[in-house]
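Here are the chains, one letter per residue:
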Amino acid sequence: MSDEVVALKTSPESRLTPRELAAYRTWSKLGQVRLGPTIQEQLFELFLQGKDCTEIVKLNKGISLAQVVTARIESGWDAAREEYV
């Protein structure tokens, strides 16, 4: 398998649900406001506890799914959770 194929299979986007991926792609096109580092850290703590992005949004009114997914991808939440576990 080529390095490019391996990279695609292990990319952060490959771990997203179809809904999360659609939100991320829409956000990428529209450029919503990014979350600040403090709120990202708080949301990451929920992610470490096993909450998915949709649950995190439900627990944090005023934050969009696209913002959470973007923080997840750009901050490498999946890799950090794997390392933590």
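Please refer to the structure placed before this passage.
Residues numbered from 1 in each chain as written. Predicted model: local features only at pLDDT ≥ 70, side-chain atom pairs only at ≥ 80, totals over all residues. Heavy atoms only, no water.

Draft legend 1. The side chain of Asn60, seen in detail. The topology assignment puts Asn60 in the loop between helix 4 (53-59) and helix 5 (65-74). The residues touching Asn60, leaving out its near neighbours within four places in the chain, are Leu43 and Leu46. (Helix = DSSP H or I, 4+ residues; strand = E, 2+ residues; numbered from the N terminus. Contact = heavy atoms within 4.5 Å.)

Draft legend 2. Up close: the packing of helix 2 (residues 18-30) against helix 5. It is the contact of helix 2 with helix 5, at a shortest axis distance of 8 Å, that shows an interaxial angle of 90 degrees. If you check the angle between helix 2 and helix 5, you find them roughly perpendicular. Facing Arg19, Glu20, Ala23, Tyr24 and Trp27 of helix 2, the residues of helix 5 in contact are Leu65, Ala66, Val69, Thr70, Arg72, Ile73 and Glu74. (Axes fitted to C-alpha atoms, helices over the stretch in contact; angles between N-to-C directions. Parallel < 35°, antiparallel > 145°, perpendicular 65-115°, else oblique.)

Draft legend 3. Seen up close, the pattern of salt bridges. Enumeration over the complete set of coordinates arrives at five salt bridges. Taken together, the shared-partner salt bridges in this structure form one network comprising Glu20, Arg72, Asp78 and Arg81. (Salt bridge = Lys/Arg side-chain N within 4 Å of Asp/Glu carboxyl O.)

Draft legend 4. The side chain of Glu20, seen in detail. Position of Glu20 among the secondary structure elements: in helix 2. Setting aside chain neighbours within four positions, we find Glu20 in contact with Arg15, Cys53, Thr54, Leu65, Val69 and Arg72.

Draft legend 5. Structural detail: the packing of aromatic side chains. Per the stated rule, a full pass over the model turns up two aromatic pairs. Between Phe44 and Trp77 the ring centres are 5.7 Å apart and the planes differ by 50 degrees, which places this aromatic pair in the tilted class. Here the residue Phe44 occupies a position in helix 3 (residues 37-48), and Trp77 occupies one in helix 6 (residues 77-84), the gap between them amounting to 33 residues. For Trp77, a relative accessible area of 3% gives the class buried. Centre to centre, the rings of Phe47 and Trp77 are 5.3 Å apart; their planes meet at 45 degrees, and the pair counts as tilted. Within this pair, whereas Phe47 is found in helix 3, its partner Trp77 is found in helix 6, the two being separated by 30 residues in sequence. You can call Phe47 buried: its relative accessible area is 2%. Its end group placed over the ring of Phe47, Arg81 keeps NZ or CZ at 3.8 Å from the ring centre. (Phe/Tyr/Trp six-rings, centres within 6.5 Å; stacked < 30°, edge-to-face > 60°. Buried < 20%, exposed > 50% of the residue type's maximum accessible area, 1.4 Å probe, protein only. Lys NZ or Arg CZ within 6 Å of the ring centre and 35° of its normal.)

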